[in-house]
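Below, each chain spelled out in residue letters.
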Amino acid sequence: LLLLGNAAAESRAETSARCADPSAPPDLAIAACTALIEGARELTGHLVDHYVNRGIAYAMKPQCDQAIEDYDRAIELDHRHATSSTAKTGAVYLTITNTGSARDTLESARPPRARAPR
(Lines give C-alpha, C1' and ligand atoms only; values in the text may rest on other atoms or scores of the structure.)
Protein backbone atom coordinates (compact mmCIF):
# COMPACT_ATOMS: atom_id res chain seq x y z
CA LEU A 1 0.00 0.00 0.00
CA LEU A 2 1.07 3.52 -0.71
CA LEU A 3 0.06 6.50 1.35
CA LEU A 4 -0.27 9.68 -0.65
CA GLY A 5 -0.99 13.32 0.19
CA ASN A 6 -4.48 12.87 1.61
CA ALA A 7 -3.36 9.78 3.57
CA ALA A 8 -5.75 7.56 1.63
CA ALA A 9 -4.44 4.07 1.02
CA GLU A 10 -4.25 2.97 -2.60
CA SER A 11 -4.50 -0.57 -3.83
CA ARG A 12 -1.50 -2.11 -5.56
CA ALA A 13 -3.31 -1.80 -8.91
CA GLU A 14 -4.00 1.91 -8.31
CA THR A 15 -0.40 2.49 -7.31
CA SER A 16 0.81 0.68 -10.43
CA ALA A 17 -1.55 2.74 -12.60
CA ARG A 18 -0.31 5.99 -11.02
CA CYS A 19 3.31 4.95 -11.60
CA ALA A 20 2.61 4.35 -15.31
CA ASP A 21 0.27 7.33 -15.85
CA PRO A 22 1.92 9.89 -18.17
CA SER A 23 -0.52 12.56 -16.96
CA ALA A 24 0.30 12.06 -13.27
CA PRO A 25 2.32 14.85 -11.66
CA PRO A 26 5.96 13.69 -11.52
CA ASP A 27 6.13 13.72 -7.72
CA LEU A 28 3.08 11.44 -7.44
CA ALA A 29 4.41 9.10 -10.12
CA ILE A 30 7.79 8.96 -8.37
CA ALA A 31 6.13 8.14 -5.03
CA ALA A 32 4.01 5.41 -6.62
CA CYS A 33 6.91 3.85 -8.52
CA THR A 34 9.14 4.00 -5.43
CA ALA A 35 6.50 2.16 -3.37
CA LEU A 36 6.30 -0.56 -6.02
CA ILE A 37 10.09 -0.82 -6.32
CA GLU A 38 10.54 -1.02 -2.56
CA GLY A 39 7.76 -3.62 -2.39
CA ALA A 40 9.91 -5.78 -4.71
CA ARG A 41 7.25 -8.45 -5.12
CA GLU A 42 7.08 -7.69 -8.82
CA LEU A 43 8.27 -9.92 -11.60
CA THR A 44 11.47 -8.61 -13.18
CA GLY A 45 9.56 -7.20 -16.18
CA HIS A 46 7.27 -5.19 -13.94
CA LEU A 47 10.14 -4.04 -11.75
CA VAL A 48 12.01 -2.88 -14.84
CA ASP A 49 8.91 -0.96 -15.96
CA HIS A 50 8.66 0.72 -12.55
CA TYR A 51 12.29 1.86 -12.76
CA VAL A 52 11.73 3.19 -16.29
CA ASN A 53 8.51 4.98 -15.32
CA ARG A 54 10.16 6.53 -12.27
CA GLY A 55 13.10 7.56 -14.45
CA ILE A 56 10.73 9.27 -16.87
CA ALA A 57 9.04 11.10 -13.99
CA TYR A 58 12.43 12.24 -12.68
CA ALA A 59 13.43 13.41 -16.16
CA MET A 60 10.23 15.44 -16.45
CA LYS A 61 11.14 17.41 -13.30
CA PRO A 62 14.01 17.54 -14.79
CA GLN A 63 16.22 15.56 -12.42
CA CYS A 64 18.13 13.70 -15.09
CA ASP A 65 20.85 12.27 -12.83
CA GLN A 66 18.21 10.36 -10.85
CA ALA A 67 16.50 9.38 -14.10
CA ILE A 68 19.69 7.94 -15.54
CA GLU A 69 20.32 5.99 -12.31
CA ASP A 70 16.88 4.39 -12.65
CA TYR A 71 17.45 3.55 -16.32
CA ASP A 72 20.81 2.00 -15.43
CA ARG A 73 19.12 -0.14 -12.77
CA ALA A 74 16.46 -1.22 -15.28
CA ILE A 75 19.17 -2.19 -17.77
CA GLU A 76 20.97 -4.16 -15.03
CA LEU A 77 17.78 -6.11 -14.35
CA ASP A 78 17.09 -6.80 -18.03
CA HIS A 79 19.70 -5.68 -20.56
CA ARG A 80 17.34 -6.65 -23.42
CA HIS A 81 14.66 -4.21 -22.26
CA ALA A 82 14.78 -1.75 -25.17
CA THR A 83 12.64 0.83 -23.38
CA SER A 84 15.33 1.32 -20.73
CA SER A 85 17.97 2.18 -23.31
CA THR A 86 15.63 4.45 -25.25
CA ALA A 87 14.59 6.32 -22.11
CA LYS A 88 18.20 6.65 -20.95
CA THR A 89 19.13 8.11 -24.32
CA GLY A 90 16.29 10.62 -23.96
CA ALA A 91 17.41 11.63 -20.46
CA VAL A 92 21.00 12.09 -21.57
CA TYR A 93 19.80 14.17 -24.51
CA LEU A 94 17.53 16.20 -22.20
CA THR A 95 20.48 16.83 -19.90
CA ILE A 96 22.50 18.16 -22.79
CA THR A 97 19.86 20.14 -24.67
CA ASN A 98 16.80 20.57 -22.41
CA THR A 99 14.50 20.62 -25.44
CA GLY A 100 10.95 19.53 -26.10
CA SER A 101 12.05 16.82 -28.53
CA ALA A 102 13.94 15.12 -25.70
CA ARG A 103 10.76 15.17 -23.59
CA ASP A 104 8.88 13.58 -26.50
CA THR A 105 11.54 10.84 -26.69
CA LEU A 106 11.15 10.15 -22.97
CA GLU A 107 7.37 10.01 -23.16
CA SER A 108 7.43 7.63 -26.13
CA ALA A 109 9.78 5.35 -24.18
CA ARG A 110 7.21 4.69 -21.44
CA PRO A 111 6.52 0.95 -21.15
CA PRO A 112 3.14 -0.21 -22.47
CA ARG A 113 0.31 -0.21 -19.94
CA ALA A 114 -0.63 -3.72 -21.09
CA ARG A 115 1.59 -5.19 -18.40
CA ALA A 116 -0.88 -5.46 -15.53
CA PRO A 117 0.32 -6.33 -12.04
CA ARG A 118 -0.32 -9.91 -10.98
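Use the structure listed above.
Residues numbered from 1 in each chain as written. Predicted model: local features only at pLDDT ≥ 70, side-chain atom pairs only at ≥ 80, totals over all residues. Heavy atoms only, no water.

Peer 1: Help me understand the pattern of salt bridges in this model?
Peer 2: Close approach of charged atoms lets side chains of opposite charge pair. Throughout the structure, instances matching the rule amount to three salt bridges. Across the pair Lys-61 and Asp-27 runs a salt bridge, and its minimum N-O distance is 2.3 Å. Residue Lys-61 is located in the loop between α3 (44-60) and α4 (64-77), and its partner Asp-27 is located in helix α2 (residues 26-39); the two are separated by 34 residues in the primary sequence. Residue Lys-61 is classed as partly exposed on the basis of its relative accessible area, which comes to 33%. (Salt bridge = Lys/Arg side-chain N within 4 Å of Asp/Glu carboxyl O. Helix = DSSP H or I, 4+ residues; strand = E, 2+ residues; numbered from the N terminus. Buried < 20%, exposed > 50% of the residue type's maximum accessible area, 1.4 Å probe, protein only.)

Peer 1: Can you walk me through helix α1 (residues 12-20) in this structure?
Peer 2: For the α-helix, the turn length of 3.6 residues means that residues three or four positions removed from each other point alike. Buried within α1 we find Thr-15, Ser-16, Cys-19 and Ala-20. Projected onto a plane normal to the axis of α1, the buried residues spread over an arc of 130° and lie on a single side. (Arc of directions from axis to C-beta.)

Peer 1: What is the right way to look at the side chain of Thr-34 in this model?
Peer 2: Note that Thr-34 resides in helix α2. Among the polar contacts made by the side chain of Thr-34, one reaches the main-chain carbonyl oxygen of Ile-30 at a distance of 2.7 Å. (Polar contact = N/O pair within 3.5 Å; in protein donor to acceptor, adjacent residues only side chain to side chain.)

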